[in-house]
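Geometric and topological summary
Chain by chain, the residues run as shown.
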Amino acid sequence: MLNIESLRQALSVPRKIVIIPHQKPDADALGSCLALWNFFKNKGHVATVISPTQYPDFLQWMPGHEETLVYSEATHGSCQQVISEAEIIFCLDFNDLKRCEPLDVLISGNTTAIKAMVDHHQDKKDFANFEYVRVTAAATAELIYELIHLLGNDSDITPPIASCIYAGIMTDTGSFKYPATTPQIHRIVANLMEKGINHSLIHRNIYDNSTLDRLRLKGFALSERLKVIPELHTAYFVLSKADLSRFHHQIGDTEGLVNYGLSIRGVKLSVILKEDEGFVKMSLRSVGSLSVNDIARTHFNGGGHINAAGGRLPGMSIEEAERCFLEVIYSYKDTLADTNN
Ligand SMILES: [Mn+2]
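Residues numbered from 1 in each chain as written. Predicted model: local features only at pLDDT ≥ 70, side-chain atom pairs only at ≥ 80, totals over all residues.

1. Structural notes on the pairing of strand S12 (residues 308–314)
Put simply, the rule is: Two strands form a pair only when DSSP identifies at least two bridges running between them. Helix numbering and strand numbering both begin at the N terminus, where a helix is a DSSP run of H or I of at least 4 residues and a strand a DSSP run of E of at least 2.
Strand direction decides the pairing type here: strand S10 (residues 279–286) and S12, joined by 7 bridges, are antiparallel. Across the sheet, residue Ser283 finds its bridge partner in S12, namely Gly310. Pairing geometry for strand S11 (residues 303–304) and S12, over 2 bridges, is antiparallel. Within S12, the position partnered with Gly303 by the bridge is Gly310. Remark: 3 residues form the turn of the hairpin made by S11 and S12, two consecutive strands paired antiparallel.

2. Some thoughts on the domain arrangement of the protein chain
Threshold: Each domain's extent was defined by an automatic or database domain assignment. Whether two residues are in contact is decided by their C-beta atoms, placed from the backbone, lying within 7 Å. Put simply, Ala, Val, Leu, Ile, Met, Phe, Trp, Tyr, Cys and Pro go in the nonpolar bin, Asp, Glu, Lys and Arg in the charged bin, and everything else, Gly too, in the polar bin.
Split into domains, the protein chain comes out as domain 1 (4–207) and domain 2 (212–337). Measuring from the centre of the C-alpha atoms in domain 1 to the corresponding centre in domain 2 gives 27 Å. Opposite the 9 residues of domain 1 that make contact, domain 2 presents 8 residues. Split by residue class, the side of domain 1 that touches domain 2 holds 3 nonpolar, 3 polar and 3 charged.

3. Here's the deal with the packing of helix H2 (residues 27–42) against helix H6 (residues 159–172)
For clarity, the threshold we go by: Fitted lines through C-alpha atoms serve as axes, helices being fitted only where they are in contact, and the angles separating the N-to-C directions of these axes extend from 0 to 180 degrees. When describing relative orientation, an angle under 35 degrees is termed roughly parallel and one over 145 degrees roughly antiparallel, while 65 to 115 degrees is termed roughly perpendicular and anything else oblique. Crossing handedness is read from the near helix: turned anticlockwise from the far helix by less than a right angle, it gives a left-handed crossing, and turned clockwise, a right-handed one.
Viewed as axis vectors pointing N to C, H2 and H6 meet at an angle of 160 degrees, and their least axial separation amounts to 8 Å. If you check the angle between H2 and H6, you find them roughly antiparallel. Considering only the axes of H2 and H6, their crossing is left-handed. On H6, the residues touching Ala27, Asp28, Gly31, Ser32, Leu34, Ala35, Asn38 and Phe39 of H2 are Pro160, Ile161, Cys164, Ile165, Ala167, Gly168, Thr171 and Asp172.

4. What to know about the sheet that holds S10
Strand order across the open sheet formed by 6 strands is S7-S8-S9-S10-S12-S11, with mixed pairing between neighbours. Looking at strand neighbours, the two that pair on one side only are strand S7 (226–229) and S11, the edges of this open sheet. Bridge count for S7 against strand S8 (residues 234–239) is 4 bridges, and the pairing is antiparallel. Looking across to S8, one finds that Ile229 is bridged to Thr234. Helix H12 (residues 292–299) rests against S10, S11 and S12 of the sheet, and its axis sits at about 15 degrees to S12.

5. Focus on the packing of helix H5 (residues 140–151) against H6
Packing of H5 against H6 brings their axes to within 7 Å, and their N-to-C directions diverge by 145 degrees. Residue-level contacts link Thr140, Ala141, Glu142, Ile144 and Tyr145 of H5 to Ile165, Gly168 and Ile169 of H6. Across the contact of H5 with H6, the residue classes tally to 5 nonpolar, 2 polar and 1 charged.

6. Focus: the pairing of S8
Short version of the rule: Residues with at least 20 neighbouring C-beta atoms inside 10 Å of their own are called buried, those with 12 or fewer are called exposed, and the rest are partly exposed, where every C-beta is derived from the backbone.
Counted residue by residue, S8 has 6 buried out of 6 residues, so it is predominantly covered. Burial along S8 is two-sided: Thr234, Tyr236 and Val238 and Ala235, Phe237 and Leu239, pointing in opposite directions, are all buried. Between S7 and S8, which follow one another and run antiparallel, lie 4 residues, and His233 among them has a positive phi close to 50 degrees. Bridge count between S8 and strand S9 (residues 269–276): 6 bridges; the pairing is parallel. When the sheet's bridge partners are listed, Phe237 is paired in S9 with Ile272.

7. A short note on helix H13 (residues 318–331)
We apply this condition: Working rule for helices: expected span equals 1.5 Å times residues minus one.
Helix length check: H13, at 14 residues, gives a terminal C-alpha distance of 20 Å against a target of 20 Å (1.5 Å per residue), a fit within 8%. Buried-residue contacts for H13 involve S8, S9, S10, S12 and helix H14 (333–337).

8. Observations concerning the nonpolar core
Where we set the bar: What we call a nonpolar core is a set of buried Ala, Val, Leu, Ile, Met, Phe, Trp, Tyr and Cys residues whose membership is set by joining through C-beta atoms within 7 Å.
Core analysis: the largest hydrophobic core is formed by 65 residues, its most contacted members being Ile19, Ile89, Phe90 and Ile165. Among the elements that make up this core, the one with the highest residue count is H2 (10 residues). Residues within four places of Ile89 in sequence aside, it is in contact with Val18, Ile20, Ile83, Ile107, Asn110, Ala113, Lys115 and Ala116.

9. Description of the sheet that holds strand S5 (residues 114–119)
One open sheet accounts for 6 strands, arranged S3-S2-S1-S4-S5-S6; its pairing is parallel. In this open sheet, the two strands that pair with only one neighbour each are strand S3 (69–70) and strand S6 (130–133). With 2 bridges connecting them, strand S2 (residues 46–51) and S3 associate as parallel partners. Residue pairing for S3: Ile50 is matched across the bridge by Leu69. Docked against the sheet, helix H3 (residues 76–85) engages strand S1 (16–21), S2, S3 and strand S4 (88–92), running at close to 135 degrees with respect to S2. Of the strands in this sheet, S4, S5 and S6 are in contact with H5, which crosses S5 at around 125 degrees.

10. Topic: unusual backbone geometry
Across the junction of Glu101 and Pro102, the peptide omega takes the value 5 degrees, indicating a cis bond. Mapped onto the elements of the fold, Pro102 is located in the loop between S4 and helix H4 (103–109). You will see that His248, though not glycine, has its phi angle at about 50 degrees, which is positive. Assignment of secondary structure puts His248 in the loop between helix H10 (241–246) and helix H11 (258–262).

Pasting the structure below:
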């Protein structure tokens, strides 16, 4: 395992660097990548962000995003070439190579590059030879802020970098309301604001940038597809492919929807089941000590954080997935019914 000094050494000459977020990157994943990308570019390295999948259009204001390579059949060749030539590969906001399929094979194929992981999720896999990991961090962007200070200094945080970091921290803290929001987070944010970011515009770019279809899908999901099981303090949404296509669903359209379940009085577990091509995707949120990371890991082929996790049920119809989900949560009846946690 390399330490920060070895990484600093490795970066003392211009390098070919690849920076990769998880699939369907959110503001923290993409913001972290672009913050680091801008930093390396300013330092004279040749850096490329490669996203395993497309990302939502409400992130398409981030400084440098237009130079991001998005994996597809058409870009397969260039992704393969850039990754095979990379001397350092950064994996940001994930800790298991599965989370960046289909780039995982290309990353493993490059056996000479330094693989660097910067992440704040639980239960990491060992694939990196440099790790900057802290599960108590509010966002990967917080860790990127620290890493830039370790590799450079505070003047390296330019306004574009500050904007990307702010976006990651703002979204992963639920606009500074989740328990991981520490005094230090506010100090970091104060510093970012002093760099001249337009925090109000960043907020609007991300949260007030909905299409009419997206807003209507949210309204439809809330009124027609939200079920509550009071005795289990659980709320869940079931969205079929037909529901999604009715509102011309785009990537990112259901982001944040799951949190509405938790806004209901007494609810401490909220879940979305969303039908996709050949699998059902799940997002899980909880409050307090109930670990959706454990539930997702044990039953739904996923994981994440204690209060926010994802999962997937391959080969199931949406109806089968709902039955499977209900069976699982009823097995947690005692924990869920207990109002002390
Ligand atoms: Mn994150």
